[in-house]
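Examining the three-dimensional arrangement
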Amino acid sequence: MSLEKTMTLARTMSLETTQAISKTLSQVPVPPLPEWINRLMAGSNQYGANAFDRSFIVLGLTMYMVGLVMVASSSIPVAERLFNNPFHFVIRHGIYIGLSLAVAGVALQIPMSWWHKNSSYLLGFAIVLLVTVLLIGRSVNGSTRWIVLGPITVQAAEPAKLFFFCYLSAYLVRRREQVMENLKGFIKPLIVFGVMAALLLLQPDLGTVIVMFVTTFGLLFLAGAKLWQFIAMALVGATSLGMLAYFEPYRWRRVTSFLDPWQDPFGSGYQLTQSLMAYGRGEVLGQGLGNSIQKLEYLPEAHTDFVMAVLAEEFGFVGISVVLLLSMTLVYKALILGRYALAKEKYFEGFLAYSIGIWMCFQAAVNIGASAGIVPTKGLTMPLISYGGSSMIIMTLALVLLIRIDHEIRLQSIQATSSKRTTKKESKSKIKQNGDK
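Residues numbered from 1 in each chain as written. Predicted model: local features only at pLDDT ≥ 70, side-chain atom pairs only at ≥ 80, totals over all residues. Heavy atoms only, no water.

A short note on the environment of R81
Among the structural elements, R81 can be located in helix α3 (residues 54-83). With 216 residues separating them along the chain, R81 and E297 place their C-alpha atoms 9.7 Å apart. (Helix = DSSP H or I, 4+ residues; strand = E, 2+ residues; numbered from the N terminus.)

Describing the pairing of strand β3 (residues 152-155)
Note: strand β2 (residues 143-149) against β3, four bridges, orientation antiparallel. Looking at β3, one finds that L149 is bridged to I152. Linking β2 to β3, which pair antiparallel, is a turn of two residues; within it G150 sits at a positive phi near 65°. (Pairing = 2+ DSSP bridges.)

Some points on the pattern of salt bridges
Evaluation of the coordinates by the stated rule reveals seven salt bridges. E297 is the salt-bridge partner of R81, the closest N and O atoms lying 2.5 Å from each other. Of the two residues, R81 sits in helix α3 while E297 sits in the loop between α13 (270-282) and α14 (307-343), which places them 216 residues apart along the sequence. Take R81: its relative accessible area is 53%, and that puts it in the exposed class. Residue classification places E297 among the partly exposed residues on the basis of a relative accessible area of 38%. Among the salt bridges present, the one from E313 reaches R281, with a minimum N-O distance of 2.4 Å. (Salt bridge = Lys/Arg side-chain N within 4 Å of Asp/Glu carboxyl O. Buried < 20%, exposed > 50% of the residue type's maximum accessible area, 1.4 Å probe, protein only.)

Quick notes on the packing of α13 against α14
Running from N to C, α13 and α14 point in directions that differ by 30°, and their axes come no closer than 7 Å. For α13 against α14, the interelement crossing comes out right-handed. Packed against α13, whose contacting residues are S275, A278, Y279, R281 and G282, the element α14 presents M308, A309, A312, E313, G316 and I320 at the interface. Taken together, the residues that form the contact of α13 with α14 break down as six nonpolar, three polar and two charged. (Axes fitted to C-alpha atoms, helices over the stretch in contact; angles between N-to-C directions. Left-handed = near helix turned anticlockwise from the far one by under 90°. Contact = heavy atoms within 4.5 Å. Nonpolar A, V, L, I, M, F, W, Y, C, P; charged D, E, K, R; others polar.)

Section: the confidence of the model for the protein chain
The predicted coordinates of low-pLDDT regions are not to be read in fine detail. Model confidence for the protein chain is summarised by a mean pLDDT of 82, while 84% of its residues fall at 70 or above. Counting contacts from residues 36-48, a segment whose pLDDT is below 50, to residues more than four positions away or on other chains yields 20 contacts. (pLDDT = per-residue confidence, 0-100.)

Digging into the sheet that holds β2
Taken together, the three strands give an open sheet; going across it, the order is β1-β2-β3, and neighbouring strands pair in antiparallel fashion. The sheet terminates laterally at β1 (138-140) and β3, the two strands that pair on one side only. The average undirected angle you get between the axes of adjacent strands in this sheet is 45°. The strands that helix α6 (residues 119-136) touches are β1 and β2; relative to β2, the one it contacts most, it runs at about 95°.

Some details on α3
Maximal helix bending in α3 amounts to about 55°, located at S75; proline P77 follows within four positions. Positive backbone phi, approximately 55°, marks N84, located one or two places after α3. (Bend = angle between axes of the 7 residues up to and from the residue.)

Details of a positive patch on the surface
A contiguous patch of positive charge on the surface is contributed by R174, R175, K184 and K188. Along the polypeptide, K188 turns up in helix α9 (residues 183-201). Among the residues examined, K188 registers a relative accessible area of 32% and is labelled partly exposed. (Patch = residues over 30% accessible without salt bridge, like charges linked within 9 Å, V, L, I, M, F, W, Y side chains within 5 Å. Areas by Shrake-Rupley, 256 points an atom, 1.4 Å probe, with all protein chains shown as cover. Lys, Arg positive; Asp, Glu negative; His and termini not counted. Charge placed at Lys NZ, Arg CZ, Asp CG, Glu CD.)

Below, the structure written as structure tokens:
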């Protein structure tokens, strides 16, 4: 038999075999998916017929639970010493979560148009808070950042960040063409940022200034400002931050200790060296929940700024990766939501979603980077995980704004689809009536 005939016979047999297998597989009954999987898949379809994207709630609650567990694990020794109650911080953290959920329930009822119209008033309120904290605020470790309202302490910088981003988003809607075309429109929001930065530096709170600067920088870039403006802004910002660090001794000590914490492991580099020990002990899978050594008052601020170091020690590289994946997913969804909102010509909502995504991304990166020795310590909390009432409530409010934006976009799509169907029905009925005539 020739080679050509052999190849033809092989192709025929292969085709017949494939058809036989396909026919057999098509007759095999496929069991239906469980109902909970169908519901989950239906809830995750972006911009479908559901009222909102449920994955935002799943991500938020998951990070709540991770934070509650880690605050409980990391705060017990210091709470026992300070308050003679090992669950002091856990109880307060649980109360903060409850307050955050209550705020979320109220904020979900507020339309985005309200945030847009009142953005200037919110900015004014933020400035009043920053001035008030300088006048009557409580000082802790040399910083005046908290306003005491009976049993509640409010960190003024947290709402100031969110309200400034609301103002900036509304400004970009009103003056987007000016921002894109001339220097005047680009400079105006930077003047407002400069005023708030000056008030924050008087506390002092350089970390919040850096977060606001990076978010402003990113948002102006996404709004379409010119490249040379960004280069100038980056140079001025980097120079200013460098001078602020160099001419303030305690900030400069943080920078130098970050570069080589082992040069002074019991002085300026103490906190970072203890944090690095926690990361080292965690290895891949960690020492197990509750088995951290560094939280036994070796690592300062273990339940607030350095909670991720305790998580790394107890759950290892795997635990840190899971938390990073949760944060990255939340940030990714915020940025995708912002892009979709802009495509639907909901510009305020789109810019605000972008700013929330950049804010959460940068703050989480700085918090984990500081505890891992990648960046200097800045005193920023891990969003939705670290202990801190003001940060928890404001981050929850930011998450609620994302849910509200998503809900309004879906509602607009549903209404547009319904109106199209109504128009089609009316046109069909008119055609039918003309035909009957």
